[in-house]
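Chains, contacts and geometry: an overview
Below are the chains, spelled out letter by letter.
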Amino acid sequence: MNITIFGTGYVGLVQAAVFAEAGYNVTCVDIDAEKVSRLKKGEIPIYEPGLEHLVKENGTTERLHFTTDASVGIARSSIQFIAVGTPPDEDGSADLKHVLAVAKEIASHMEEHRIVVVKSTVPVGTSDQVRAMMLRTLKERGRDDLTFDVSSNPEFLKEGSAVADCTKPDRIIIGTECAETERALRELYAPFNRNHDKIISMDVRSAELTKYAANCMLATKISFMNEMANLAEKLDADIEKVRLGIGADPRIGYHFIYPGVGYGGSCFPKDVRAMIRLAQTSGYDPMVLNAVEQRNEQQKHVLFAKISGHFEGDIEGKTFALWGLSFKPNTNDMREAPSRVLMAALWQAGAKVRAYDPEAMDECRRIYGDREDLLLCASKEEALEEADALVVVTEWKSFRAPDFEAMKRVLRNPIIFDGRNIYDPVVASRKGLLVFSIGRTGQL
Ligand code: UGA
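None of these values were measured; they are calculated from a predicted model.

What follows concerns the overall build of the protein chain. Of regular secondary structure, the protein chain possesses 19 helices and 14 strands. The C-alpha atoms of the protein chain give a radius of gyration of 24 Å, which matches the 22 Å a tight globule of 444 residues would have. Dimensions of the protein chain, computed from C-alpha atoms along their principal axes, come out at roughly 75 × 45 × 45 Å. Burial analysis of the protein chain (444 residues in total) assigns 45% to the buried set. Relative to all contacts within the protein chain whose residues are 6 or more apart in sequence, the contacts with residues 24 or more apart total 72%.

Here it is, written out as structure tokens:
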């Protein structure tokens, strides 16, 4: 089977590699010529565990093809995936220009029936816009005899485990009103739909909303827990105990109830805002989502408030070791990362940062360039040297069991601000370190 995927970002590239591994011939189309030429050489532009291996295993030559020439991809496959980015517009709504440009491209080149599958995260109603754009373009070409179907097939992959999520999906949402499209997509996903049926088929608009609703629900869990954590501090309780206590209820569950420094990344912040805009433009007041978004914005300032509180506002001239730059572990992605809000606040207050991250150092260099108040360190130990305190922003595994005694010797003050609750304050205090966590007893 031949498949074409437009967009070689996280979603497109991972899905392409996984399809190719299953035995399909996949053509990836991207307008970024430099990216395409790097991919042709087997260079992967993003850090995603297992992806490089998968792309190389498949032989960038054999089943996985990269091109900037859309017409090649359109001619080659009956199924055309749209997996291009939907960056936020100025008002927070998703900008569909890339999605609609691909729709136009497909309609400009197709010569026979095509199934267009929208995989990008898009607002409800986008598939209708894709359909309208294609109809218009075909009409302009004088080819309105050609048929096509537009369906919605959102992805639910997480950065850092994208390959596994794609290979073993917990559900496959197929949004279409066309029986023939459903049959084709069921066949396409058959290698990933074993043991039990993971395919949930529905109408296009419900499929589009399912994607946003899932991310908004998860973001809501996080903001709720962050609110409880902040309250626990006020009430002299320990959120980690509360987390264990509530997670035992299967209706709540243990997933996604970890308090921290706010959610980041390329999905939750953008999707919550886009959902808010979508609700507003539909004449509905999204009270819950507004609160989720506001709590998250505020949560990203919690660490700085703790630091400033402890040093009684005397931050100027101080140096802070910062462990973790990426928005979460196992990725080099710093989009909307809480570390960025913290660094901005520290710099604003006149402090210096000695930062270390297992994967995001190049990304950090790309974003900030050379600055006097930012030193990118080669190891987590180096970051501690001459620092007034340590701040942990991302819960990378390699940060979980540090040598507290060595840490105490190196740091100017034996203090850790733990934004992810990875350290037990009691254990650390036995080694002479004071740990400030999120939502734990008496640590305002
Ligand atoms: C998220 C969803 O989890 C995926 O299901 C979805 O497909 C994806 O967005 C997308 O729309 O493409 P991702 O952004 O990769 O995936 O990252 P998550 O693992 O969900 O983490 C998001 C943020 O929430 C991170 O900043 C993380 O630190 C934070 N988080 C997560 C918490 O603060 N507490 C938790 O308990 C869980």
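Our next topic: the pairing of strand β7 (residues 172-175). Both faces of β7 are covered, namely the face carrying I172 and I174 and the face carrying I173 and G175. Both β7 and strand β8 (residues 199-202) contribute to a ladder of four bridges, which runs parallel. Bridging across to β8, I172 finds its partner in I199. For the handedness criterion, the β-α-β arrangement of β7, helix α9 (residues 179-189) and β8 is classed as right-handed.

As a further point, take the site of the ligand. Around the ligand, the structure places 20 residues, and the nearest of them are E159, Y258, Y263, G265 and C267. The element that contributes the greatest number of residues to the shell around the ligand is helix α10 (residues 204-235), accounting for three residues. Residues of the shell around the ligand, tallied by class, amount to eleven nonpolar, five polar and four charged.

With that out of the way, let us pick up the nonpolar core. Membership of the largest hydrophobic core comes to 124 residues, with the highest contact counts inside it found for V14, I82, V116, L390, V391 and I416. The leading source of residues in this core is α10, at ten residues. When sequence neighbours within four positions are dropped, the list of residues in contact with I82 reads F6, G7, V99, V102, V116, V117, V118, K119 and S120.

This paragraph deals with the domain arrangement of the protein chain. Accessible area lost upon the coming together of the parts serves often as the stated size of an interface. Segmentation of the protein chain into domains returns domain 1 (2-202), domain 2 (212-298) and domain 3 (300-436). One C-alpha centre belongs to domain 1, the other to domain 2; they are set 30 Å apart. On the domain 2 side, the residues contacting the ten residues of domain 1 number nine residues. Taken together, the residues that form the side of domain 1 that touches domain 2 break down as five nonpolar, three polar and two charged.

In this structure, R400 sits in the loop between β12 (389-392) and α18 (404-410). It is 7.1 Å that separates the C-alpha atoms of R400 and Y423, two residues lying 23 residues apart in sequence.

Under the 1.5 Å per step criterion, the end-to-end length of α10 is 46 Å for 32 residues, consistent within 8% with the ideal 46 Å. Directly after α10, the chain includes D236, whose backbone phi takes a positive value near 60°.

Across the sheet, which stays open at both edges, the six strands sit in the order β11-β10-β9-β12-β13-β14 with parallel pairing between neighbours. Because the sheet does not close on itself, it has two edges, and the strands there are β11 (374-376) and β14 (434-436). Each strand axis lies, on average, 20° off the axis of its neighbour in the sheet, ignoring direction. Strand direction decides the pairing type here: strand β9 (residues 319-323) and β12, joined by four bridges, are parallel. Bridge assignment links W323 to a residue of β12, and that residue is V392. The strands touched by helix α14 (residues 302-310) within the sheet are β12, β13 (415-418) and β14, with β13 carrying the most contacts at an inclination of about 155°.

Within β9, four of the five residues are buried, which leaves it mostly tucked inside the rest of the structure. With five bridges joining them, β9 and strand β10 (residues 352-356) adopt parallel strand pairing. Looking at β10, one finds that F320 is bridged to V353. Handedness of the crossover joining β9 and β10 through helix α15 (residues 338-348): right-handed.

Attention shifts here to helix α6 (residues 97-109). Between its terminal C-alpha atoms α6 stretches 19 Å, which fits the 18 Å expected from 13 residues at 1.5 Å a residue. The complete set of buried residues in α6 reads V99, V102, A103, E105, I106 and A107.

Moving on to the packing of α10 against helix α12 (residues 268-281). Between α10 and α12, the least distance of the axes is 9 Å, while the angle of their chain directions is 110°. The angle between α10 and α12 places the two elements in the roughly perpendicular class. As α10 runs across α12, the sense of the crossing is left-handed. Listed contacts from α12 to Y212, N215, C216, L218 and A219 of α10 are F268, D271, V272 and M275. Here the residues of the contact of α10 with α12 are counted per class, giving seven nonpolar, one polar and one charged.

Where the residue is not glycine, phi is negative for most of them; where a peptide bond is considered, it is trans in most cases. Non-glycine residue N330 carries a positive phi angle of around 65°. Relative to the helices and strands, N330 resides in the loop between β9 and α15. Its 19 C-beta neighbours within 10 Å are what place N330 among the partly exposed residues. Positioned with a positive phi, N421 is a non-glycine residue whose angle comes to about 50°. Secondary-structure assignment places N421 in the loop between β13 and α19 (425-430).

With 98% of its residues at a pLDDT of 70 or more, the protein chain has an overall mean of 95. Among the prediction metrics, the complex's ipTM stands at 0.96, with pTM recorded as 0.94.

Looking now at the environment of I3. Here I3 shows up in strand β1 (residues 2-6). Classification of I3 by C-beta neighbours within 10 Å gives buried; the count is 22. For the pair formed by I3 and K56, sequence separation is 53 residues and the distance between their alpha carbons is 19 Å. Setting aside residues no more than four positions away along its own chain, I3 makes contact with F19, Y24, V26, S77, I79 and F81.

Parameters at a glance
Residues numbered from 1 in each chain as written. Predicted model: local features only at pLDDT ≥ 70, side-chain atom pairs only at ≥ 80, totals over all residues. Helix = DSSP H or I, 4+ residues; strand = E, 2+ residues; numbered from the N terminus. Rg over C-alpha atoms; globule rule 2.2 N^0.38 Å. Buried ≥ 20, exposed ≤ 12 C-beta atoms within 10 Å, placed from the backbone. Contact = placed C-beta atoms within 7 Å. Pairing = 2+ DSSP bridges. Right-handed = clockwise from strand over helix to strand, strands pointing away. Near = placed C-beta within 6 Å. Nonpolar A, V, L, I, M, F, W, Y, C, P; charged D, E, K, R; others polar. Core = buried A, V, L, I, M, F, W, Y, C linked by C-beta atoms within 7 Å. Domains from an automatic or database assignment. Expected span 1.5 Å × (residues − 1). Axes fitted to C-alpha atoms, helices over the stretch in contact; angles between N-to-C directions. Parallel < 35°, antiparallel > 145°, perpendicular 65-115°, else oblique. Left-handed = near helix turned anticlockwise from the far one by under 90°. pLDDT = per-residue confidence, 0-100.

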